[in-house]
Amino acid sequence: VQLQASGGGLVQAGGSLRLSCAASGLIFSSYVMGWFRQAPGKEREFVGRIDWSGGRTYYADSVKGRFSISRDNAKNTVYLQMNSLKPEDTAVYYCAAASRSYSSISVSPDEYDYWGQGTLVTVSS
């Protein structure tokens with residue numbers, strides 16, 4: 001299984017970025033997909049998740065209203081659209097896949113089975 005995250009970079013505060021995560025080696029449409037982030041010196045933090053169909057999403061309070069997750073099962077890809085970025089959004093962003101049902105999964109990274117390598121997002125003030 002491979003999850004390949006891309007799209008990170010340097011952006012000014014208030015700007016936008018769109019991250020992508022391409023999956024291979026798994027039945028993508030069977031997995032809940034999540035996004036996490038990890039800032040220097042901090043623990044990995046839940047950002048949001050999306051169910052297998054793309055019909056349900058859930059976000060951390062810190063990003064609600066600014067970030068949105070979508071997926072294209074035909075392309076085995078999940079996206080994280082990030083708007084109104086803030087310096088505190090600076091982190092390495094990871095995508096992850098979970099075989100648990102959407103209704104039973106929590107925000108814990110321990111419940112995800114596969115992880116991408118991460119892509120760095122830096123927001124300048």
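As a starting point, this report considers the structure included with it. (Residues numbered from 1 in each chain as written. Predicted model: local features only at pLDDT ≥ 70, side-chain atom pairs only at ≥ 80, totals over all residues. Heavy atoms only, no water.)

Describing unusual backbone geometry
Quick reminder of the rule: We count a stretch as a helix when DSSP gives it H or I for four or more residues in a row; a strand needs E for two or more, and each element gets its number in order from the N terminus. Burial classification: accessible surface area is computed with a 1.4 Å probe over protein chains only, and a residue below 20% of its type maximum counts as buried, one above 50% as exposed, and the rest as partly exposed.
At asparagine 76, a position not held by glycine, the phi torsion is positive, near 50°. Position of asparagine 76 among the secondary structure elements: in the loop between strand S7 (67-72) and strand S8 (77-82). Despite not being glycine, serine 84 has its phi angle at roughly 50°, a positive value. Within the secondary structure, serine 84 sits in the loop between S8 and strand S9 (91-98). Judged by relative accessible area, which is 41%, serine 84 ranks as partly exposed.

Thoughts on the nonpolar core
Condition: By convention a nonpolar core is built from buried Ala, Val, Leu, Ile, Met, Phe, Trp, Tyr and Cys residues, the set being connected through side-chain atoms within 4.5 Å. Contacts between residues were defined by any pair of non-hydrogen atoms, one from each residue, lying within 4.5 Å.
In terms of nonpolar packing, the biggest core is built from 38 residues, with Met33, Trp35, Leu80, Met82 and Tyr93 touching the most fellow members. Mapped onto this core, the elements with two or more residues apiece are strand S1 (2-6), strand S3 (17-24), strand S4 (32-38), strand S5 (45-50), S7, S8, S9 and strand S11 (119-124). In terms of residue count, S9 provides more of this core than any other element does, six residues in total. Filtering out sequence-adjacent residues up to four positions away, methionine 33 remains in contact with Leu3, Cys21, Phe28, Gly48, Arg49, Ile50, Arg71, Val78, Ala96, Ala97 and Tyr112.

Details of the sheet that holds S7
Counted only if it meets this: DSSP-based pairing: two strands are paired if at least 2 bridges between them are found. Note on geometry: axes are lines fitted to C-alpha atoms, helical ones only across the stretch in contact, with angles between N-to-C directions running from 0 to 180 degrees.
With antiparallel pairing, four strands are arranged side by side in an open sheet as S1-S3-S8-S7. Since the sheet does not close on itself, it has two edges, and those belong to S1 and S7, each with one partner. Each adjacent strand pair in this sheet contributes to an overall mean axis angle of 15°, direction not counted. With five bridges connecting them, S1 and S3 associate as antiparallel partners. Bridge assignment links alanine 5 to a residue of S3, and that residue is cysteine 21.

Thoughts on the state of the cysteines
Stated precisely, the cut-off is as follows: To count as a disulfide, a pair of cysteine sulfur atoms needs to be within 2.5 Å.
If you walk through the whole model with that rule in mind, you get one disulfide. Here cysteine 21 is linked by a disulfide to cysteine 95, with a sulfur-sulfur distance of 2.0 Å. Here cysteine 21 and cysteine 95 share a disulfide; its torsion about the S-S bond, 60°, makes the bridge right-handed. Here cysteine 21, found in strand S3, pairs with cysteine 95, found in strand S9; they are 74 residues apart in sequence, far enough to count as distant. Given the relative accessible area of 0%, cysteine 21 is considered buried.

Remarks on the layout of surface pockets
So the rule is basically this: Grid spacing is 1 Å over the protein atoms alone, the probe is 1.4 Å, and a cavity is where that probe fits but cannot get out, while a pocket is an open set with protein on both sides within 12 Å along at least five of seven lines and lining residues have an atom within 4 Å of a point. Grid points are joined across faces, edges and corners, and a volume is the space filled by probe spheres set on the points.
When its volume is computed, the largest pocket comes out at roughly 210 Å³. Taken together, 15 residues line the largest pocket, and the ones lying closest to its centre are Arg37, Ala39, Lys42, Glu45 and Glu88.

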